[in-house]
Amino acid sequence: MTQTVQQQIANIALVVENYDDAIAFYTQKLQFTLVEDTDLGGGKRWVLISPPNSNGTNLLLAQASNDQQLQAVGNQSGGRVFLFLQTNDFWRDYELMKSKGVTFNETPRVEEYGTVVVFQDLYGNKWDLLHLNKSDEQK
């Protein structure tokens, strides 16, 4: 009998300038949950955050520890949208984020696949806030 391969991406590392500033941004402005914050010694911490009620991938906040890593802060994807925050209520989340001072790069737009807007995190990484059309959610 062949065993079925089952894998998932558990965490995505996001290089940040400062753990506490990043935690504050994500938990206060985006309503993310702080899943874990463990001191590893030597100034390093294991910091996991995730969107509310998420059952998937966490972000692992990794504080830059050298010049090369500092250069990647805010530009982990070469200026392209890096992460996609999918929501079940676009306008609720858009208005909440806007009221909390999140920077948006454009006005929301309706595309064939759903409603989307590009926003930036505190370091300038680009994200999509995205609500898929019902037919796309089932794929």
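In the block above lies the structure referred to throughout.
Residues numbered from 1 in each chain as written. Predicted model: local features only at pLDDT ≥ 70, side-chain atom pairs only at ≥ 80, totals over all residues. Heavy atoms only, no water.

**With respect to the environment of glutamate 36**
Mapped onto the elements, glutamate 36 comes out in strand 2 (residues 33-41). When its relative accessible area of 31% is taken as the criterion, glutamate 36 is described as partly exposed. Taking the C-alpha atoms as reference, glutamate 36 lies 5.1 Å from leucine 48; in sequence the two are twelve residues apart. Aside from chain neighbours lying at most four places away, what touches glutamate 36 is Trp46, Val47 and Leu48. A polar atom in the side chain of glutamate 36 sits 2.7 Å from the side chain of threonine 38. (Helix = DSSP H or I, 4+ residues; strand = E, 2+ residues; numbered from the N terminus. Buried < 20%, exposed > 50% of the residue type's maximum accessible area, 1.4 Å probe, protein only. Contact = heavy atoms within 4.5 Å. Polar contact = N/O pair within 3.5 Å; in protein donor to acceptor, adjacent residues only side chain to side chain.)

**Topic: the environment of glutamate 111**
By the secondary structure assignment, glutamate 111 is in strand 7 (residues 109-111). Residue class for glutamate 111 comes out partly exposed when judged on its relative accessible area of 31%. For the pair glutamate 111 and asparagine 133, spaced 22 residues apart in sequence, the C-alpha to C-alpha distance is 9.3 Å. At 2.7 Å, the side chain of glutamate 111 and the side chain of arginine 109 are in polar contact.

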